[in-house]
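Chain and residue survey
What follows is the residue order along each chain.
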Amino acid sequence: MKSEVKNIVILLRIFWTAAAQKIAIEEAKVLKTKGFKVTIIFLRGKVPYEYKEILNGVDYYIASETGNSLLSPVYDYITRLFRPDRSTESRVDFNMIKRFPKIAKKFEPDYVICHDQYSGLAGYYNLKKNGIPYCVIMHERPPDFEVPILGTIAKMYEKKTLKNAHKVYSMTESIAKSVEEVHGIETEVLNYAVTAQEFIPFKEKNDSIIAVSMWDRGRYPEIYLKIISALPLSFTLFMVGNWREKSLLEEFQRKMTSMGLDERVTLLSGLTETELISIYRKSKFSLRFSFDEVGGGMSVFESVSCGVPVVVNRKLGSANFVESNGLGAVIRGGSPEDLDIRGIAEFITQVNNETEYRKLQDNCRKALANLSWEKHVETLVTDMVGKK
């Protein structure tokens, strides 16, 4: 590593509305205030309308809008082998990953922060080509490597990527445990971070619930319809976020209509950060479940930043955080079929009063002390340049 780090590149594969992208943007802002020159490089994509607002003051570069090559159909097929619930939009573009050393040379970084192991692979190639050190931030567990032949190759490259990194971070303890089990590599848990918002007290809120995600089949959006159906008629649901597949959205809308929930469920997408925060703040409760992922779920932390109690299931990577800080409820259910919908309804009904709700909001305030961007970035800086 160079004796002094001044110029940092933050690398992501895709520019879309997801936690890694939002985290990277905030990292860039804080690093800039600390005197670093920072550029975010997205290997593929275009600026989402939702993120134009938060990009203000951030230097970024998009290498390709589509990432397309003659081998793109092959890359799409390989991606689906490892992540069957993901659409073409999630494709791992190995052509862009291999191009990164050439792209990086234009920006002359001293250090590269790679968000996810696939960006990390690009960082590895850049280390070998240009000698620039990199770290990897794992936002999800390693994929299943059971695919014949390709699984063995993918596992080998992922381990090589992580072993050659200057530092590897995991966004939750569950991810850290998974990485160690799969690759025998210890990682440091890097805290999520949010910006604290003004809380709206219980008496000024309507009976509304919010669920925010990048909706795909692996997140089983239909279960949220079952939950709202189990709650008193006064409750409404905001389903916020983009949908990976148009066909899934259409299926969901038909299901919503057949269940008679058109008046109780509102689908929202394309919200600016200001608009999203406004919906969070007005909501009484937030829902986020996982049935395959062990990431933390950015919406959990954004809800806490707005003083909104959360309901999660045990499998979600932030379940321990929610439980230990008294931020809501952790419900049993590792699969959609086993999710304790009755337990969710009972919890919401039980705490839907001013006394209990105030306790939950007080706990949110206390938890925010450990969710600062300053603390998040300080961990990265300390590992990059050492304690000053």
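About the criteria used
- Residues numbered from 1 in each chain as written.
- Predicted model: local features only at pLDDT ≥ 70, side-chain atom pairs only at ≥ 80, totals over all residues.
- Heavy atoms only, no water.
- Helix = DSSP H or I, 4+ residues; strand = E, 2+ residues; numbered from the N terminus.
- Rg over C-alpha atoms; globule rule 2.2 N^0.38 Å.
- Buried < 20%, exposed > 50% of the residue type's maximum accessible area, 1.4 Å probe, protein only.
- Areas by Shrake-Rupley, 256 points an atom, 1.4 Å probe, with all protein chains shown as cover.
- Lys, Arg positive; Asp, Glu negative; His and termini not counted.
- Charge placed at Lys NZ, Arg CZ, Asp CG, Glu CD.
- Axes fitted to C-alpha atoms, helices over the stretch in contact; angles between N-to-C directions.
- Parallel < 35°, antiparallel > 145°, perpendicular 65-115°, else oblique.
- Contact = heavy atoms within 4.5 Å.
- Nonpolar A, V, L, I, M, F, W, Y, C, P; charged D, E, K, R; others polar.
- Phe/Tyr/Trp six-rings, centres within 6.5 Å; stacked < 30°, edge-to-face > 60°.
- Lys NZ or Arg CZ within 6 Å of the ring centre and 35° of its normal.

A count of helical and extended segments in the protein chain gives 14 helices and 13 strands. Its C-alpha atoms give the protein chain a radius of gyration of 21 Å, near enough to 21 Å, the size a compact globule of 388 residues would have. Projecting the C-alpha coordinates of the protein chain onto the three principal axes gives extents of approximately 60 × 45 × 40 Å. Within the protein chain, the fraction of its 388 residues that count as buried is 57%. Working note: accessible area of the protein chain is about 17,200 Å², and carbon and sulfur atoms make up 50% of it. One way to put it: in the protein chain the 54 positive side-chain charges average out to a point 4 Å from where the 49 negative ones average out.

With that settled, consider the packing of helix α12 (residues 341–351) against helix α13 (residues 354–367). Where α12 contacts α13, the two axes come as close as 7 Å, and the packing angle between them is 105 degrees. Classified by the angle between their axes, α12 and α13 sit roughly perpendicular to one another. Here α12 contributes F347, Q350 and V351 to the contact with α13, which in turn contributes E356, Y357 and L360. Here the residues of the contact of α12 with α13 sort into 4 nonpolar, 1 polar and 1 charged.

For the rest of this paragraph, the subject is the packing of aromatic side chains. For the structure on display, the rule yields 16 aromatic pairs. Judged by centre distance (6.5 Å) and plane angle (70 degrees), the ring pair of F285 and F347 falls under edge-to-face. Taken as a pair, F285 in strand β11 (residues 285–288) and F347 in helix α12 lie far apart in primary sequence, 62 residues in all. Overall, the relative accessible area of 13% leaves F347 in the buried class. By way of ring pairs, the aromatic residues W215, Y224, W243, F252 and F289 are connected into one cluster. One cation-aromatic arrangement involves K98 over Y125; the distance from NZ or CZ to the ring centre is 4.3 Å. The ring of Y157 has K160 sitting right over it, with the charged end atom 5.0 Å from the ring centre.

Even without being glycine, E108 reaches a positive phi, approximately 50 degrees. With respect to the secondary-structure elements, E108 resides in the loop between α3 (94–105) and β4 (111–115). The phi dihedral of D116 is positive, around 95 degrees, even though this residue is not glycine. Within the secondary structure layout, D116 lies in the loop between β4 and α4 (117–130). Using a relative accessible area of 14% as the deciding quantity, one classes D116 as buried.

A few words on the side chain of S72. Among the structural elements, S72 can be located in helix α2 (residues 72–82). For S72, a relative accessible area of 5% translates into the label buried. Those residues in contact with S72, other than ones at most four positions away along the chain, are G67 and R91.

Keep in mind that these numbers describe shape and distance, not what the molecule does.
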